[in-house]
Structures are given as structure tokens and as C-alpha cells.
Amino acid sequence: MMSRAERSHLGDWWWTVDRALLAGLGVLMTAGLVFLMAGGPPVAERLGLPTFHFLNRQVMYLLPTIALILAVSFLSLRHIRRMALVTYSLGIVLCIAATKYGPEIKGAHRWIQFGPIGVQPSEFVKPAFVILAAWAFAEGSRRRDMPGGTLAVLLLPMTIVPLILQPDFGQTMLVTMVWCSMVFVAGLHWFWVGGLGGAGLIGVAAAYQFLPHVRARIQRFMDKDSGDNFQTFWSQESFNSGGWFGTGPGEGVAKRHLPDAHTDFIFSVAGEEFGVIVCIAIVLLFAFIVMRGLMLARRSDDIFCRLAITGLTALFGLQACINMAVNTRMMPAKGMTLPFISYGGSSLISLALGMGFLVALTRRRPRTTLLNRDENAAR
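These numbers come from a predicted model, not from an experiment. (Residues numbered from 1 in each chain as written. Predicted model: local features only at pLDDT ≥ 70, side-chain atom pairs only at ≥ 80, totals over all residues. Heavy atoms only, no water.)

Enquirer: Tell me about the overall build of the protein chain, residues and numbers included.
Expert: A tally of regular secondary structure across the protein chain gives 14 helices and two strands. Counting the 379 residues in the protein chain, one finds 48% classified as buried. At a minimum sequence separation of 6, the contacts of the protein chain that also span at least 24 residues come to 71%. Of the roughly 18,300 Å² of accessible surface on the protein chain, a fraction of 67% belongs to carbon and sulfur atoms. (Helix = DSSP H or I, 4+ residues; strand = E, 2+ residues; numbered from the N terminus. Buried < 20%, exposed > 50% of the residue type's maximum accessible area, 1.4 Å probe, protein only. Contact = heavy atoms within 4.5 Å. Areas by Shrake-Rupley, 256 points an atom, 1.4 Å probe, with all protein chains shown as cover.)

Spelled out as C-alpha cells, the structure:
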């Protein structure tokens, strides 16, 4: 164990970081590997790959993921904002480039290739967007000469327009909901909150009217006989066959019919082989991480930290909720991964960036440090 008297960077980090939050993330990553052992092999066999191809690659992705979380958690508030600004700027440029030069996958241009490596830039835009929006709101509340609220409002269309062009309606909806949660915490009047909600409903109606793939997904969700419901049928069948205690590791059948059993529908695979009891435990684990983040946000005296922690926690929790809702047929299919459990390199690394920001922001800082930071910002 490290002594509290030790004044090294590592010692300061250990005694100021929220270890319960780190432990929750660690358990989630471990659970992801266990579930991928069940969901990965059928997909690998269909593609003619080695049985544990996806598991082995996930382990390889987890090494830089853990390293990135730890490295980012050492950053100061100033360096967090700078890193977010660079990440956001580069991510938006790559999102726009993906619409023109990226490969078409399932009717959308969301990826961009760098040789053999494929990157989904929108995944990296999300945590950076949260930091920049929190920064704008915080500066607007501290300085009357700073139009922080206006900048935060303009930041939303700057972010979602490239996503709509891809098109990626799921990520657009997620970013908008996270932004609205930050607006609510920032103290916007209920009139404006209601107005934002109304604008969101108008946006959903417009997407249904003008985007054929959105309309098709909603129609399939509302009426099972209106189109191809292959994935949602087998997703439901997974929970039906698994019951409370599951069929046992490796004994699942429905997973062999799910083309995305290792990514979007891995929660269904867990339901079939490990049972509803384990799925409830996973939901509780996500709830613990979210509630821990919100509790730490409430304790923070710094406006920027409070808003950024709230936004990052909402981003993490809403993404998990959307994925699990799709798996249980409570929402139309969205093509969104389950954080730290679904397979995917871009997803893991971007989540590592967001959770690294969260761990850094939730570190206990002396009040004098925050006051000095405010004085330097005002100069």
C-alpha cells in the first residue's frame, strides 16, 4: 500500500482517485470478456475465423483501453479541456470525411479507413463534446463578458449535423439527450427545457418522414409483421430460452442466428446462457457506476467539473440503456454497443477516453487548487 505522506504523482493519484468507480469499470470489462466467450465463437465460425478470434482481439484492445483510462486520469482540468478540444476538432473533420470517403456499411458512412485499421470518429466526438459543452456553460456562468451559453447552444448543431449526414440517427439522439441533461443541470428555466423537448420530438418526426431507414425501423418496431424482424425475434428468443438461470455457458442456440451476437446483441446472449439473474446484476453494475458518478458530481464545488461529470455519466448510462432496451425490444434497433461489454476497438478506446476524463474529473482536489484555477482563468 502507498502511504498518504508519499508526495509522488502516483501517490497523489492513488489517494485522490475514486477507487469504487475504477473497480466498477474493472468488473464491467471482466464481464465483457466472459460474455464474449459465449457470443463471439458463433460469429467467428460463420466468417471462417478462428473460434476465439473476437475474444483474442478484445483482450488486445483492452490493454490500450486500460492504459488510456489510467493515463487520462492523471490529467489536470486544463489539460482535459485542451485534449477534448483537439479530439473534438479532429473527430468532426473525420466525421465529415467519412461521409465522402468512408465505406458504406448498412446504408451509412460512419467509418473511415487508415490502411487496415477502421475508425468510427463519432465515438470519439461524444466525450469531447461533453467536455467542451461543460466548459462553455461554466465559463458563461463565471464571466459576464463570455457568451458561454450561446457557444454551448451552437456546439450542438455543429456536432449533430455531421452525424445526420452519415446518417447516424442513434448517435444524434444520444448526443442530444446528453446535451439536454447538461442544460438541465446548468439551471436552464423549465420553459426552455420543455422547448428543447418539443424540438426533439419535432426532430424525431422529421427523421421518420424524411429518412427511410429510420421510418422502416420504427415501423418494424410498432408492427412485427411490417418487415424483417430477424434480429429482434432471436433476441427475444434468447431471453425466453434462457429463463432465470440460463442454459449454461456454451449451450445457447439463439446466438447462432444473431449476426451481431458479439456486438449489439451480446446482452441477449448473456440472457440466454447466464439467465435473467445475471442480466439484472449487469444492470445493477451499470446503475452503480452511473449513481456513483452523479453522486460525485453533486459533491463537486466546481461548475465545470459538475457539468462535465454529469454529461459523461449520462453519456455512459444512456448508451447502456439504449443497447439493453433494443435487446429486450423496448426500443427500435439502434446499432449501439453495450459499454465495455460489446466487441469493438473504436468503441472501447473512445469509452476509455470518456471514462478517463470521468476518473480525472472526480479526483478529490483541494479547494485552493480550484480557486487558483478560477483566478488564472479570469486573468
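Enquirer: I'd like a description of helix H4 (residues 77–101), backed by residues and values.
Expert: A rise of 1.5 Å per residue sets the reference length of H4, with its 25 residues, at 36 Å; its end C-alpha atoms lie 35 Å apart and thus fit the reference within 8%. Among the residues of H4, those classed as buried are Leu-77, Ile-80, Arg-81, Ala-84, Thr-87, Tyr-88, Gly-91, Ile-92, Leu-94, Cys-95, Ala-97 and Ala-98. (Expected span 1.5 Å × (residues − 1).)

Enquirer: Outline helix H5 (residues 121–142), supporting the account with residue identities and numerical values.
Expert: When the terminal C-alpha atoms of H5 are compared, their 32 Å separation across 22 residues agrees well with the 32 Å that a helix rising 1.5 Å per residue should span. Of all 22 residues in H5, 18 are buried; the element is thus mostly enclosed.

Enquirer: Let's hear about the nonpolar core: which residues, and what values?
Expert: Ile-131, Phe-286, Phe-304, Phe-316, Phe-340 and Leu-361 are the most contacted members of the largest nonpolar core, which has 93 residues in total. Counting residues per element, this core draws most heavily on helix H12 (residues 303–327), at 13 residues. Discounting chain neighbours no more than four positions away, the residues touching Phe-286 are Leu-28, Phe-316, Ala-320, Met-324, Leu-338, Pro-339 and Ile-341. If you look at the next biggest cluster of nonpolar residues, it comprises six residues, including Ala-97, Ala-98, Ile-112 and Phe-124. (Core = buried A, V, L, I, M, F, W, Y, C linked by side-chain atoms within 4.5 Å.)

Enquirer: Tell me about the packing of aromatic side chains, residues and numbers included.
Expert: Summed over all chains, the structure comprises six aromatic pairs. Between Phe-35 and Phe-274, the aromatic rings sit 5.3 Å apart at their centres with planes inclined by 55°, giving tilted as the arrangement. Taken together, the residues Phe-35 in helix H2 (residues 19–46) and Phe-274 in helix H11 (residues 266–299) connect sequence positions 239 residues apart. There is no split in this pair, since Phe-35 and Phe-274 are both buried. For the ring pair Phe-286 and Phe-316, a centre distance of 5.6 Å and an interplane angle of 40° mean the geometry is tilted. Here Phe-286 is found in helix H11, whereas its partner Phe-316 is found in helix H12, with 30 residues between them in sequence. Phe-316 carries the same exposure label as Phe-286, and that label is buried. Ring pairing ties together the aromatic residues Phe-54, Tyr-61 and Tyr-343, which thus form one cluster. The ring of Trp-135 carries the charged tip of Arg-81 above its face, separated from the ring centre by 5.4 Å. (Phe/Tyr/Trp six-rings, centres within 6.5 Å; stacked < 30°, edge-to-face > 60°. Lys NZ or Arg CZ within 6 Å of the ring centre and 35° of its normal.)

Enquirer: Describe in detail unusual backbone geometry, supporting the description with residues and values.
Expert: At Phe-340, a position not held by glycine, the phi torsion is positive, near 65°. By secondary structure assignment, the location of Phe-340 is in the loop between H12 and helix H13 (345–361). By relative accessible area, which is 2% here, Phe-340 ends up buried.

Enquirer: Could you give me a rundown of the packing of H2 against helix H3 (residues 53–73), with the residues and numbers involved?
Expert: Here H2 crosses H3 at 160°, and the two axes come no closer than 8 Å. One way to sum up the angle between H2 and H3 is to call them roughly antiparallel. Crossing handedness for the pair H2 and H3: right-handed. Contacts between H2 and H3 pair Leu-22, Met-29, Leu-33, Leu-36, Met-37, Gly-40, Val-43 and Ala-44 from the former with His-53, Phe-54, Leu-55, Gln-58, Val-59, Leu-62, Thr-65, Ile-66 and Ile-69 from the latter. Of the residues contributing to the contact of H2 with H3, the split by class is 13 nonpolar, four polar and no charged. (Axes fitted to C-alpha atoms, helices over the stretch in contact; angles between N-to-C directions. Parallel < 35°, antiparallel > 145°, perpendicular 65-115°, else oblique. Left-handed = near helix turned anticlockwise from the far one by under 90°. Nonpolar A, V, L, I, M, F, W, Y, C, P; charged D, E, K, R; others polar.)

Enquirer: I'd like a rundown of the packing of H4 against helix H6 (residues 148–165), residues and numbers included.
Expert: At a closest axis distance of 8 Å, the pairing of H4 and H6 adopts a crossing angle of 30°. Considering their axes alone, H4 and H6 lie roughly parallel with respect to each other. Considering only the axes of H4 and H6, their crossing is left-handed. Contacts between H4 and H6 pair Tyr-88, Ile-92, Cys-95, Ile-96 and Thr-99 from the former with Leu-155, Met-158, Thr-159, Pro-162, Leu-163 and Leu-165 from the latter. Among the residues forming the contact of H4 with H6, the class breakdown is nine nonpolar, two polar and no charged.

Enquirer: Go over the pattern of salt bridges with me, naming the residues and quoting the values.
Expert: Side chains carrying opposite charge are able to pair once their charged atoms draw close together. What the rule picks out here adds up to four salt bridges. Glu-45 is paired through a salt bridge with Arg-256; the nearest N and O atoms lie 3.8 Å apart. One end of the pair, Glu-45, is in helix H2; the other, Arg-256, is in the loop between helix H10 (230–242) and H11, and 211 residues separate them in sequence. Exposure remark for Glu-45: the relative accessible area of 47% places this residue in the partly exposed category. Measuring nitrogen to oxygen at the nearest pair gives 3.1 Å for the salt bridge that ties Glu-123 to Lys-126. Pair noted here: Glu-123 and Lys-126 are both in helix H5, with a separation of three residues, about one helical turn. For the residue pair Glu-123 and Lys-126, the accessibility class agrees, reading buried in each case. (Salt bridge = Lys/Arg side-chain N within 4 Å of Asp/Glu carboxyl O.)

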